[in-house]
Amino acid sequence: MTAFLIVFAVFAVFVILSYNLLVTKRNAVSNAYSSIDVYLKNRYDLIPNLVASVKTYMEHEANTLIRITELRSKLLQGQLPPGERLKAEGELSGLLSRLLMVSENYPQLRANENFLHLQQSLAEMEERISAARRAYNAAVTDYNNALGIFPINIIAGIFNFKPAEWFEAPEEEKKTPDVRALFKN
Amino acid sequence: MDNLESIIEIVEKERNGLVKSTITWLSIYSTIGAIIYLFGMHYSSHSYLKLFGVAIFIAGAISTMSIKQGYYKGVFKELFLKSLFRHKFGENFEYRPQDYIRSDFFLNSMLFSHKPMPDRYRGEDLIIASVDSIRINFSEVHAQYLETQYVQGKKRQYWVDIFRGVFAIAEFPKTAKVPVVVLPNFEKVFSLPWEALKKVKLEDPEFEEIFSVWSKDQIEARYILSISLMRRMVEFYKKAREKGFKQDIYFSFVGKYMFFAINSGDFLRVPFYLSSFKSAYNSGKYDLYVQEVELILSIIEELNLKLDIWL
C-alpha cells in the first residue's frame with residue numbers, strides 16, 4: 001500500500017510539474033506574439049505622419065499611398081484571420097519599403113527633416129519587429145521541443161497541448177527590396 | 001619618421017644613462033654589503049651580520065632596478081609610445097599613459113556584475129580615438145576584490161582579480177533600452193544581481209558556442225544582436241585568435257554605448273630597461289604595440305558600427 005502511495009505521489013508530482021512547464025512555455029509563446037503586435041501597432045502609428053509628409057512631394061505614388069492607408073485601416077480593425085493578416089502585413093511592409101526606396105528620387109523630400117526622422121523611426125521599428133519575430137520563433141521552438149520530449153509528450157497529449165506555428169516571412173516580404181540598403185549610402 | 005628616429009635616440013640615451021647609474025648603485029650596494037659581510041666574518045661570532053651584508057646587497061639591487069624601471073616606463077610611454085602612435089594613427093588619436101577608463105564606466109557596463117564589486121581599481125594607457133567618426137576610448141584596467149578567509153580561526157586576506165586587460169567603450173548606432181551582456185560561453189554566472197538577467201538563446205550555433213547572452217528583455221537582446229552583428233562578432237573573435245590574441249572577449253550594450261573587454265593581462269607592456277631598446281626596435285618587435293591597438297580599433301570596422309541604424 002505504501003509503495004503504491006509513493007508511486008502515485010511521484011506520478012502526481014510529475015504530472016503537475018509537466019503541466020506547469022507546458023503552460024509556462026505556452027504563455028511565453030503568447031507573450032512573444034503579443035509583443036509583435038505591440039511593435040506592429042507602433043508601426044501603424046507612424047504611417048499617417050509618413051503619408052502626410054510625402055504626399056505633397058510624391059504625387060506619382062498616390063496609388064501606393066492610398067493602398068498603404070487602406071491596409072493600415074484594415075489591420076487596425078484587427079478582424080482579419082491570421083493567414084490574411086500575415087499577407088496584409090507583408091504587403092504593407094513591401095509598400096513601405098518601396099515608398100522609402102523611391103523617396104531617393106525626390107531631393108526635396110530627402111531634405112525634409114521630418115521625413116528623415118520618420119524614415120529612421122520606421123527603420124528602427126522594422127528592426128524591432130524583426131527582433132520580436134525572432135523572439136517569438138525562439139519561444140515556439142522552446143515550447144515545441146518540450147512537447148516532443150518523452151514523457152512530457154504524454155501529458156501534452158492528455159491535456160491537449162498543440163504545437164505552435166513558427167513565424168515565416170510572407171512571400172511579399174521576401175520579394176520586397178531591402179530598405180536597409182538605403183541607409184548604407 | 002625623422003621625428004620618431006630622433007625620439008628613439010633620446011629614449012636610448014635615457015636608457016643608457018639608467019644602465020650606467022644602475023651599475024654605479026649596484027657597485028655601491030655590493031661594496032657596502034661586502035664590507036658588512038667581511039666584518040661579520042672576521043669580528044663577529046654571529047652569522048646575522050653576514051646575512052645582513054647579503055640582504056643589503058639584494059634589497060639595494062631590487063629597489064634600484066625597480067625605481068629605474070619605473071622611470072624608464074614613464075620615458076618609454078611618454079616619449080616613444082606617444083610618438084609611435086602619433087606616427088601610425090595620426091591626429092585623431094590621443095594617448096595618455098597615466099589615465100584610464102573610470103570605474104563608474106566599468107560598473108555601468110555590467111560586464112562583471114556577476115562577480116563581487118571591486119575593492120581596488122587601477123589602470124593606465126588611456127587611448128581616445130575616432131574611427132569613421134565613431135568615438136572609442138580604451139585603456140588597461142585592473143579590478144580586484146579583497147577575499148577574506150578564516151583558516152583555523154586566523155583571518156587571511158588576499159586580492160582576487162575580477163578583470164585585468166583592455167576595457168573599451170565605443171559609440172553604438174542603436175540604443176539599448178535594457179542592458180544586453182555577451183560573455184564568453186564558459187563564464188560561470190551564479191551571483192545574485194544576475195538573477196534578473198535571463199539567458200537569451202540565439203539562432204547562430206557558432207555564436208552560441210563562443211558566447212552566452214544575458215538580458216532582461218528577449219526582444220531587446222535580439223534587436224541589439226541582429227543576425228549580421230552576431231556573425232561579425234564571431235568573425236572578430238576568430239580574427240583575434242588568428243592574430244594570436246587567445247584571450248576571452250566580453251561585450252555589453254548599455255544605452256548608446258558598446259563596452260567590450262579583452263582579458264589580455266598586461267596591455268602595452270614596457271620592456272625591461274636593461275635589455276637593448278634599439279635592436280629590439282630594429283627587429284620590428286615594437287610593431288606588437290601597434291598591432292595591439294589596431295586590433296581594438298578594428299572592432300569599429302569589423303562590427304560595422306559606422307552604419308547609422310542597420311546592423
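Note that the coordinates shown come from a computational prediction; the quantities given were computed from them, not determined experimentally.

(A) Seen up close, the overall build of chain A. When its secondary structure is counted, chain A shows eight helices and zero strands. What you see for chain A is a C-alpha radius of gyration of 23 Å, clearly larger than the 16 Å of a compact globule of 185 residues, by over 25%. Projected onto the principal axes, the alpha-carbon positions of chain A cover approximately 85 × 30 × 25 Å. Counting the 185 residues in chain A, one finds 24% classified as buried. Summarising the internal contacts of chain A: among those between residues at least 6 apart in sequence, 80% fall at separations of at least 24.

(B) Main features of the overall build of chain B. Counting its regular elements, chain B contains eight helices and seven strands. The C-alpha atoms of chain B give 25 Å as radius of gyration, which overshoots the globular expectation for 311 residues (19 Å, by more than 25%). Reported as C-alpha extents along the three principal axes, the dimensions of chain B are approximately 85 × 65 × 30 Å. When each of the 311 residues of chain B is scored for burial, the buried share is 32%. Sequence-distant contacts, at least 24 apart, represent 71% of the contacts inside chain B between residues at least 6 apart.

(C) Examining the nonpolar core more closely. Of all hydrophobic cores here, the largest spans 86 residues; its most connected members are A168(B), A170(B), V213(B), F260(B) and A261(B). Of all the elements, strand β4 (residues 154–184) of chain B adds the most residues to this core, at twelve residues. Setting aside its immediate chain neighbours within four residues, F260(B) contacts A168(B), I249(B), Y250(B), F251(B) and I299(B). Among the nonpolar cores identified, the runner-up in size contains twelve residues, and V54(A), L96(A), L118(A) and L122(A) belong to it.

(D) Region of interest: the packing of helix α2 (residues 62–77) of chain A against helix α3 (residues 82–102) of chain A. All names here are of chain A. Closest axis-to-axis distance for the α2/α3 pair is 10 Å, and the angle between their directions is 145 degrees. Every pair of crossing elements has a handedness; the one defined by α2 and α3 is left-handed. Across the interface between the two elements, T64, R67, I68, L71, K74 and L75 from α2 touch R85, A88, E89, E91, L92, L95, L96, R98 and L99 from α3. Residues that form the contact of α2 with α3 fall into these classes: eight nonpolar, one polar and six charged.

(E) Region of the structure containing the confidence of the model for chain A. For chain A, the average pLDDT comes to 83, and 91% of its residues sit at 70 or higher. For the stretch residues 176–185 of chain A, pLDDT sits under 50, and the model shows 23 contacts to residues farther than four places along the chain or on other chains.

(F) Seen up close, the packing of helix α6 (residues 227–242) of chain B against helix α8 (residues 287–302) of chain B. Residues and elements named next belong to chain B. Running from N to C, α6 and α8 point in directions that differ by 155 degrees, and their axes come no closer than 10 Å. Looking at the two axes, α6 sits roughly antiparallel to α8. Crossing geometry of α6 relative to α8 is assigned as right-handed. Contacts between α6 and α8 involve R232, E235, F236, K239 and A240 on the former and, on the latter, L295, I299 and E302. Classifying every residue of the contact of α6 with α8 gives four nonpolar, no polar and four charged.

(G) Structural detail: the environment of A9(A). Residue and element names in this part refer to chain A. Structurally, A9 can be placed in helix α1 (residues 2–54). On the basis of neighbour count, A9 is assigned to the exposed category, with 10 C-beta atoms found within 10 Å. A C-alpha to C-alpha distance of 28 Å links A9 and A28, two positions 19 residues apart in sequence.

(H) Summary view of unusual backbone geometry. Following F150(A), the chain continues into P151(A) via a peptide bond in cis, with omega recorded as 5 degrees. By the secondary structure assignment, P151(A) is in the loop between α5 (113–148) and α6 (152–158). Even without glycine at this site, M110(B) takes up a positive phi of about 65 degrees. You can see M110(B) is positioned in the loop between α3 (103–108) and β2 (120–131). For M110(B), a count of 20 C-beta atoms within 10 Å translates into the label buried. Even without glycine at this site, D125(B) takes up a positive phi of about 60 degrees. Note on placement: D125(B) falls in strand β2.

Conventions we followed
- Within any chain, residue numbers begin from 1 and follow the written order of that chain's sequence.
- To read the labels, note that chains go from A and ligands from 1, taken in the order they are written.
- Only residues with pLDDT of 70 or above have their local features reported here, since the model is predicted, and side-chain atom pairs are shown and tallied only from 80 upward, although totals for entire chains, interfaces and linings are computed over all residues.
- Only DSSP runs of H or I with at least four residues qualify as helices, and only runs of E with at least two residues qualify as strands; both kinds are numbered from the N terminus onward.
- In this description the radius of gyration comes from C-alpha coordinates, and the expected globular size is given by 2.2 Å times residues to the power 0.38.
- Exposed residues have 12 or fewer other C-beta atoms within 10 Å of their own C-beta, buried residues have 20 or more, and partly exposed residues fall in between, where C-beta atoms are placed from the backbone.
- A residue pair is marked as a contact if its C-beta atoms, positioned from the backbone, fall within 7 Å.
- Nonpolar core, as used here: buried Ala, Val, Leu, Ile, Met, Phe, Trp, Tyr and Cys residues forming one set through C-beta atoms within 7 Å.
- Orientation is described by lines fitted to C-alpha atoms, with helices fitted over the stretch in contact, and by angles between N-to-C directions that extend from 0 to 180 degrees.
- What makes a crossing left-handed is the near helix being turned counterclockwise from the far one by less than a right angle; a clockwise turn instead makes it right-handed.
- Gly is put with the polar residues, along with every residue not named as nonpolar or charged; the nonpolar set is Ala, Val, Leu, Ile, Met, Phe, Trp, Tyr, Cys and Pro, and the charged set is Asp, Glu, Lys and Arg.
- A score between 0 and 100, pLDDT records how confident the predictor is in each residue.
- With respect to orientation, any angle under 35 degrees is reported as roughly parallel, any angle over 145 as roughly antiparallel, any angle of 65 to 115 as roughly perpendicular, and every other angle as oblique.

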